[in-house]
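# Report on the structure
If you want the building blocks of each chain, they are given just below.
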Amino acid sequence: MKKMILTFSFFAITILAFASYRCTGSFQTSCGEWNYIIHANDVGDFLDRYDRLEAAAERACSTGAKAVYC
Amino acid sequence: MKKYFLLGIMIFVSNMILNAQNNMTVLYSVKYNVNYMRDNVRIIEDICQLNITEKSSYFFSIGKEIRLQKIREKFEKNGQNGGPINFKKGELRSNYLNFTVLKKYENKKAIFIEDIGGQNLGFVKDTLSSNRWIITNEKETFNGLICNKATMKRDTVLITAWFTTKIPLQEGPLYFYGLPGLIIKAKTNTGFEIELVSTENKILKKEQLKIPNYVLVSEKEVNRAKANYDAAFKSGRLPNGDIVTPKNY
């Protein structure tokens with residue numbers, strides 16, 4: 001039983017590892033260019049992670065001065 | 001123009017009654033041009049949509065949706081094959097409104113919502129009180145609609161709004177609320193300038209309203225979460241394992 005669970009877990013982890021995307025690339029902000037590595041589960045996950053990274057980069061450029069809450 | 005607005009309101013009210021019992025919701029959808037200038041620099045230049053239903057309204061950026069669509073296209077073209085996904089300067093718009101506003105009429109709350117480090121955090125920005133507006137006798141015409149001028153002071157922010165009673169919805173962009181008609185134009189002394197672009201009636205399923213799940217915290221906690229994320233960003237490694245480095249590093 002224990003062996004079966006271990007085998008199942010191994011395959012599940014292997015499948016999950018291959019199911020994710022290792023995305024690399026670069027983007028430019030007002031204060032320079034950045035490289036990134038994002039491990040995304042799917043396209044939606046990539047969108048969210050990338051979007052956050054670029055927003056943080058822009059904030060880093062302007063040392064927080066771009067935060068706008070009217 | 002006026003006729004269409006009035007017809008729209010009539011359809012909105014009648015549909016509200018017809019659809020109250022099922023999963024459909026009636027939407028009066030308003031689009032605004034949103035601009036924000038600081039030190040003569042245009043920081044926000046966006047179209048935002050205000051979806052109004054019988055219980056709440058939701059104000060969000062359309063510019064952000066366009067941006068996400070561009071990222072999606074690039075991911076599908078390169079990322080899925082393991083290729084690099086590079087973005088040139090100016091390729092993606094960054095001058096969009098990066099938070100959304102949910103107004104809950106029953107709770108009398110306007111909640112600002114923002115994705116910070118993978119979690120939507122919201123804080124109460126306003127209590128939807130109409131008492132603070134001062135309605136003046138000044139009138140001006142926008143889009144063929146005669147509008148009244150009103151002002152409100154909130155902390156150090158002075159808000160000037162023009163509203164029309166021809167559209168009897170106490171709604172407006174951002175957290176602005178409580179005038180006896182829809183806000184057609186608004187500006188603040190902090191640099192916001194907002195003007196109505198269009199109005200539309202829609203009937204949607206409630207799940208199509210796009211209101212995100214969020215955790216309600218204080219404004220201080222939102223700022224702290226943002227500072228923590230930014231600190232992790234500066235260290236080069238995010239809590240979720242993502243890595244970012246300046247290119248000349």
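Everything numeric in this text was worked out from a predicted model, so none of it was measured.

Here we come to the overall build of chain B. Within chain B, the secondary structure is distributed over three helices and 13 strands. The buried share of chain B, taken over its 249 residues, is 33%. For chain B, long-range pairs separated by at least 24 residues make up 52% of all intrachain contacts whose partners lie at least 6 apart in sequence.

Quick look at the packing of helix 2 (residues 43–61) of chain A against helix 3 (residues 219–235) of chain B now. Two elements in contact, helix 2 of chain A and helix 3 of chain B, have axes separated by 10 Å at closest approach and are oriented at 85°. With respect to helix 3 of chain B, the axis of helix 2 of chain A lies roughly perpendicular. The residues of helix 3 of chain B that touch helix 2 of chain A, namely those facing Ala56, Arg59 and Ala60 of chain A, are Tyr229, Asp230, Phe233 and Lys234 of chain B. Within the contact of helix 2 of chain A with helix 3 of chain B, the residues separate by chemical class into four nonpolar, no polar and three charged.

Residue and element names in this part refer to chain B. Counting residues in hydrophobic clusters, the biggest one holds 69 residues, and the most contacted among them are Ala161, Phe163, Phe176, Ile183 and Ile184. The greatest single-element share of this core, amounting to seven residues, is contributed by strand 1 (residues 24–38). Apart from the residues lying within four places of it in its own chain, the contact partners of Ile184 are Phe142, Asn143, Leu145, Cys147, Trp162, Phe163, Thr164 and Leu196.

This paragraph deals with the interface of chain A and chain B. The interface of chain A with chain B comprises 33 residues on the first partner and 39 residues on the second. Those elements giving two or more residues to the side of chain A that touches chain B turn out to be strand 1 (21–29), strand 2 (32–40) and helix 2 of chain A. Of the residues contributing to the side of chain A that touches chain B, the split by class is 18 nonpolar, seven polar and eight charged. Bridging between strand 2 of chain A and strand 13 (residues 243–246) of chain B involves four bridges; their strand directions are antiparallel. Bridge pairing links Ile37 of chain A to Ile243 of chain B in strand 13 of chain B.

The end-to-end C-alpha separation of helix 2 (residues 62–77) of chain B is 23 Å, in line with the 22 Å expected for 16 residues at 1.5 Å each. The complete set of buried residues in helix 2 of chain B reads Gly63, Arg67, Ile71 and Phe75 of chain B. In an axial view of helix 2 of chain B, the angular spread of the buried residues amounts to 115°, which keeps them on one side of the axis. Exposed residues pointing more than 90 degrees away from the buried face of helix 2 of chain B are listed as Gln69, Glu73, Glu76 and Lys77 of chain B. Packing partners of the buried residues in helix 2 of chain B comprise helix 2 of chain A together with strand 2 (41–52) and strand 3 (56–61) of chain B.

Residue and element names in this part refer to chain B. In this model, Lys108 sits at a positive phi of 55°, which is unusual for a non-glycine residue. Within the secondary structure layout, Lys108 lies in the loop between strand 4 (100–104) and strand 5 (109–116). With 14 C-beta atoms counted inside 10 Å, the residue Lys108 sits in the partly exposed group. Although it is not a glycine, Asn143 adopts a positive phi angle of roughly 50°. Considering the arrangement of structural elements, one finds Asn143 in the loop between strand 7 (134–142) and strand 8 (145–154). Overall, Asn143 belongs to the partly exposed group, with 16 C-beta atoms counted inside 10 Å.

For the rest of this paragraph, the subject is the sheet that holds strand 2 of chain A. Spatially, 1(A)-2(A)-13(B) is the arrangement adopted by the three strands of the open sheet, whose pairing is antiparallel. The strands lining the two open edges of the sheet, one partner per strand, are strand 1 of chain A together with strand 13 of chain B. Between one strand axis and the next, the sheet turns by 15° as a mean value, whatever way the strands run. Strands in contact with helix 2 of chain A are strand 1 and strand 2 of chain A together with strand 13 of chain B; relative to strand 2 of chain A, the strand with the most contacts, it is inclined by about 150°.

Turning our eyes to something else, we now look at the environment of Asn51 of chain B. Residue and element names in this part refer to chain B. With respect to the secondary-structure elements, Asn51 resides in strand 2. On the neighbour-count criterion, Asn51 (21 C-beta atoms within 10 Å) is buried. On a C-alpha basis, the gap between Asn51 and Asn40 in space is 31 Å, while along the polypeptide they are 11 residues apart. With residues near it in sequence (within four places) discarded, Asn51 still touches Leu27, Ser29, Ser57, Tyr58 and Leu209.

Of the residues in chain A, 61% reach a pLDDT of 70 or more, and the chain-wide mean stands at 75. Least confident of the elements in chain A is helix 1 (residues 2–19) of chain A, whose mean pLDDT is 57; most confident is strand 2 of chain A, at 91.

The next subject is the pairing of strand 1 of chain B. Residues and elements named next belong to chain B. Pairing of strand 1 with strand 11 (residues 192–205) involves 13 bridges; the strand directions are antiparallel. The residue of strand 11 that forms the bridge with Lys31 is Ser198. Bridge count between strand 1 and strand 2: 11 bridges; the pairing is antiparallel. By the bridge assignment, Lys31 is partnered in strand 2 with Gln49. Linkage of strand 1 to strand 2, two consecutive antiparallel strands, is achieved through a turn of two residues, within which Asp39 is found at a positive phi near 50°.

What counts, and where the lines are drawn
Residues numbered from 1 in each chain as written. Chains lettered and ligands numbered in written order. Predicted model: local features only at pLDDT ≥ 70, side-chain atom pairs only at ≥ 80, totals over all residues. Helix = DSSP H or I, 4+ residues; strand = E, 2+ residues; numbered from the N terminus. Buried ≥ 20, exposed ≤ 12 C-beta atoms within 10 Å, placed from the backbone. Contact = placed C-beta atoms within 7 Å. Axes fitted to C-alpha atoms, helices over the stretch in contact; angles between N-to-C directions. Parallel < 35°, antiparallel > 145°, perpendicular 65-115°, else oblique. Nonpolar A, V, L, I, M, F, W, Y, C, P; charged D, E, K, R; others polar. Core = buried A, V, L, I, M, F, W, Y, C linked by C-beta atoms within 7 Å. Pairing = 2+ DSSP bridges. Expected span 1.5 Å × (residues − 1). Arc of directions from axis to C-beta. pLDDT = per-residue confidence, 0-100.

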